[in-house]
Amino acid sequence: MAHGIFYVLDELTEEQQLQFFCEQIAQLWREHQSVRVWCANQAAAEQLDEWLWRIPTNAFVPHNLVGEGPPQGAPVELCWPQAKVLSHRAPVVVVNLMNEPAPWQGAQLIIEHVPAQEPERQAARDRYKQYRQHGVALQTLQAADLILSKTE
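Rules used in this analysis
- Residues numbered from 1 in each chain as written.
- Predicted model: local features only at pLDDT ≥ 70, side-chain atom pairs only at ≥ 80, totals over all residues.
- Heavy atoms only, no water.
- Helix = DSSP H or I, 4+ residues; strand = E, 2+ residues; numbered from the N terminus.
- Buried < 20%, exposed > 50% of the residue type's maximum accessible area, 1.4 Å probe, protein only.
- Contact = heavy atoms within 4.5 Å.
- Areas by Shrake-Rupley, 256 points an atom, 1.4 Å probe, with all protein chains shown as cover.
- Lys, Arg positive; Asp, Glu negative; His and termini not counted.
- Charge placed at Lys NZ, Arg CZ, Asp CG, Glu CD.
- Pairing = 2+ DSSP bridges.

**Student:** How would you explain the overall build of the protein if you had to name every residue and give the values?
**Tutor:** If you tally the helices and strands in the protein, you get four helices and seven strands. Listed N to C, the secondary structure of the protein is β-α-β-α-β-β-β-β-α-β-α in terms of helices and strands. Seen along its three principal axes, the alpha-carbon backbone of the protein occupies a region of about 35 × 35 × 25 Å. A buried classification covers 45% of the 152 residues belonging to the protein. Expressed as a percentage of contacts within the protein between residues at least 6 apart in sequence, the contacts between residues at least 24 apart total 65%. Counting only carbon and sulfur atoms, one obtains 52% of the accessible surface of the protein, whose full area is about 8200 Å². Charged side chains in the protein number 11 positive and 18 negative. The centres of these two groups are separated by 7 Å.

**Student:** Residue-level account of the pairing of strand 5 (residues 93-96), with values.
**Tutor:** The alternating pattern of strand 5 places V93 and V95 on one face and V94 and N96 on the opposite face, and all of these are buried. As defined by bridge partners, strand 2 (residues 35-38) adjoins strand 5 across four bridges and the pair is classed as parallel. The partner of V35 across the bridge, within strand 5, is V93. Of the pairings in the sheet, the one linking strand 5 to strand 6 (residues 109-114) comprises three bridges and is parallel in character.

Written as structure tokens, this is what we have:
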């Protein structure tokens, strides 16, 4: 059975959100070795790509925009809806940074975001309901609390 985590992004700036998800992606890659990140568009994927390169060298995350890198894909693939995503392997983890559902079938873990603003927040509620209908075990966490616990 798949497991899903919804991170509530209240009180975080856009920069803090990018940093938070880069740290999550790095940790998920170290634990699971296969992560597919769905971004709203190519520009958002390229921005995330740049942020992932800022991670310290001792925490490097092998990643590429979909279609770049090795033929079998990188361990962390950054995708967007219009990109040609080959289904050569199902990712173990799917990180969805879009406001619509991402392809997640076959994933063991689904990471979602809950923006502070409506109607994006309502879209997150709708995705939560869809996962629950598919039997995904869900939990919700406050991203700001996780960031605070790391700095204390």
